[in-house]
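Next come the chains, spelled out residue by residue.
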Amino acid sequence: MQHGKYRFIAGFLVVPLALYALFVIWPFIQAIFYSFTNWTGLSPEFKMIGLDNYSRMLEDDVFWKALQHSLVFAVVLPLVTIGLALFFAFMINVGGRRRKGAAVTGVRGSGFYKIVYFFPQVLSIAIVALLFKFAYNPSDGAINSALKAVGLGSIQPEWLGDPDLALICVMVVLVWSTVGFFVVLFSAGMASIPRDFYEAALLDGANRFTTFFRITLPLLWDTVQSGWIYMGILALGAESFAVVHIMTVGPSGGPDYSTIVLPLYVYQKAFGPGQAAYATTIGVALLLVTLLFAAVVMRLGRRERLEF
């Protein structure tokens with residue numbers, strides 16, 4: 001069985017690794033290289049300028065705003081999304097009332113709730129952003145119209161037009177669109193936990209709160225950690241770019257750069273004034289932030305593996 005083992009493994013890995021190196025690793029190397037040049041993105045000619053782009057980035061007020069907002073997304077969005085998903089998944093799987101013949105059950109209609117929670121995943125993020133953009137419309141949007149209908153016509157926020165509310169509005173959309181995926185993910189993990197654990201805890205007098213923190217969360221920790229990293233990458237990457245780019249009023253990232261994030265700023269610099277080299281510099285900063293986020297989560301979430 002050992003004869004030719006390494007050639008067999010290499011035969012399967014060489015093509016995927018070659019494609020990964022070509023389409024993932026090589027573009028990263030190119031981006032880092034171009035960050036040391038004055039390339040416009042439109043001309044094949046450029047020259048090396050050293051660390052000038054990085055010096056400019058450190059003095060760019062808009063960059064620091066974008067970095068601040070991206071960090072808020074990376075911290076707040078996973079915390080809220082994972083927290084809600086764990087709560088909903090726990091209620092669906094083991095949070096129901098005791099029934100005859102089963103000490104541990106989910107709420108009634110749990111299968112239907114899973115479909116409802118997962119439904120936003122069927123929709124494109126662009127469609128979700130457009131729907132909420134219409135809902136946030138201060139003149140005839142669904143939210144302000146609902147406020148008028150219940151007698152709160154005097155409360156008519158500008159929502160996306162208010163610099164103090166715009167970022168919160170965007171984060172609400174991202175939570176709404178992603179929480180269903182993690183509900184289904186955590187539900188699958190909880191379904192694999194033996195019911196005997198819960199029944200034994202309930203016989204010992206433990207309540208739902210105790211069983212969640214003493215049984216469910218420890219046994220589900222690896223899945224939670226992976227979901228946390230995945231959600232953070234979404235918050236730092238394409239999801240935040242799409243929602244902010246589509247929803248925000250005025251120039252993307254407005255009003256007054258109150259919703260600007262790093263992926264959007266990279267896009268604006270690369271395809272706006274033709275500052276591709278400076279855009280790649282910001283992209284390198286985004287890469288470092290993403291890697292740092294993943295490293296911190298993995299470090300803080302390290303714990304003894306529990307098996308059952």
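Residues numbered from 1 in each chain as written. Predicted model: local features only at pLDDT ≥ 70, side-chain atom pairs only at ≥ 80, totals over all residues. Heavy atoms only, no water.

*Asks:* Report on unusual backbone geometry, specifying residues and quantitative values.
*Replies:* The phi torsion at Trp 159 lies on the positive side, around 55°, for a residue other than glycine. With respect to the helices and strands, Trp 159 occurs in the loop between helix 6 (142-149) and helix 7 (166-191). Classification of Trp 159 by relative accessible area gives buried; the value is 17%. Even without being a glycine, Asp 256 presents a positive backbone phi close to 55°. Looking at where Asp 256 falls in the secondary structure, it is placed in the loop between helix 11 (238-247) and helix 12 (262-271). We classify Asp 256 as exposed; its relative accessible area is 60%. (Helix = DSSP H or I, 4+ residues; strand = E, 2+ residues; numbered from the N terminus. Buried < 20%, exposed > 50% of the residue type's maximum accessible area, 1.4 Å probe, protein only.)

*Asks:* Describe in detail the packing of aromatic side chains, supporting the description with residues and values.
*Replies:* According to the stated counting rule, one finds 19 aromatic pairs in the structure shown. Both rings, one in Phe 182 and one in Phe 186, keep their centres 6.2 Å apart while their planes meet at 35°; by these two values the pair is tilted. Taken together, the residues Phe 182 and Phe 186, both in helix 7 and four residues apart, mark about one turn of the helix. Centre to centre, the rings of Phe 212 and Phe 213 are 4.9 Å apart; their planes meet at 90°, and the pair counts as edge-to-face. On the basis of relative accessible area, Phe 212 is assigned to the buried category, the value being 13%. Phe 213 sits in the partly exposed class, given a relative accessible area of 42%. One aromatic cluster is present, built from ring pairs that chain together Phe 33, Tyr 34, Trp 39 and Phe 46. Cation over ring: Arg 56 sits above Tyr 278, and NZ or CZ is 3.8 Å from the ring centre. (Phe/Tyr/Trp six-rings, centres within 6.5 Å; stacked < 30°, edge-to-face > 60°. Lys NZ or Arg CZ within 6 Å of the ring centre and 35° of its normal.)

*Asks:* Quick one: what's the story with a nonpolar patch on the surface, residue by residue and with numbers?
*Replies:* Together, Val 14, Val 15, Leu 19, Tyr 20, Leu 22, Phe 23, Ile 25, Trp 26 and Ile 29 give the surface a local cluster of nonpolar side chains, amounting to about 900 Å² of exposed area. Take Ile 25: it is sitting in helix 1 (residues 5-34). A relative accessible area of 36% places Ile 25 in the partly exposed class. (Patch = residues over 30% accessible without salt bridge, like charges linked within 9 Å, V, L, I, M, F, W, Y side chains within 5 Å. Areas by Shrake-Rupley, 256 points an atom, 1.4 Å probe, with all protein chains shown as cover. Salt bridge = Lys/Arg side-chain N within 4 Å of Asp/Glu carboxyl O.)

*Asks:* Explain the packing of helix 7 against helix 11 to me, using residue names and the numbers behind them.
*Replies:* Close contact between helix 7 and helix 11 brings their axes to 10 Å; oriented N to C, the two are set at 130°. The angle between helix 7 and helix 11 falls in the class oblique. Seen along the crossing, helix 7 lies across helix 11 with a hand that is right-handed. The residues of helix 11 that touch helix 7, namely those facing Val 170, Val 173, Leu 174 and Thr 178, are Glu 239, Ser 240, Val 243, Val 244 and Met 247. Along the lines of polarity and charge, the residues of the contact of helix 7 with helix 11 split into six nonpolar, two polar and one charged. (Axes fitted to C-alpha atoms, helices over the stretch in contact; angles between N-to-C directions. Parallel < 35°, antiparallel > 145°, perpendicular 65-115°, else oblique. Left-handed = near helix turned anticlockwise from the far one by under 90°. Contact = heavy atoms within 4.5 Å. Nonpolar A, V, L, I, M, F, W, Y, C, P; charged D, E, K, R; others polar.)

*Asks:* Mind laying out the packing of helix 5 (residues 125-135) against helix 7, listing which residues take part and the relevant values?
*Replies:* It is at 11 Å that the axes of helix 5 and helix 7 come closest, and there the two elements cross at 135°. In terms of their interaxial angle, helix 5 and helix 7 are classed as oblique. As helix 5 runs across helix 7, the sense of the crossing is right-handed. Residues Ile 125, Val 128 and Phe 132 of helix 5 form the contact with helix 7, whose participating residues are Val 173, Trp 176 and Ser 177.

*Asks:* Outline helix 5, supporting the account with residue identities and numerical values.
*Replies:* Working note: α-helix, 3.6 residues per turn, so residues spaced by three or four point in the same direction. Taken together, the buried positions of helix 5 are Ile 125, Val 128, Ala 129, Phe 132 and Ala 135. All buried residues of helix 5 lie within an arc of 120° about the axis, which places them on one face of the element. (Arc of directions from axis to C-beta.)

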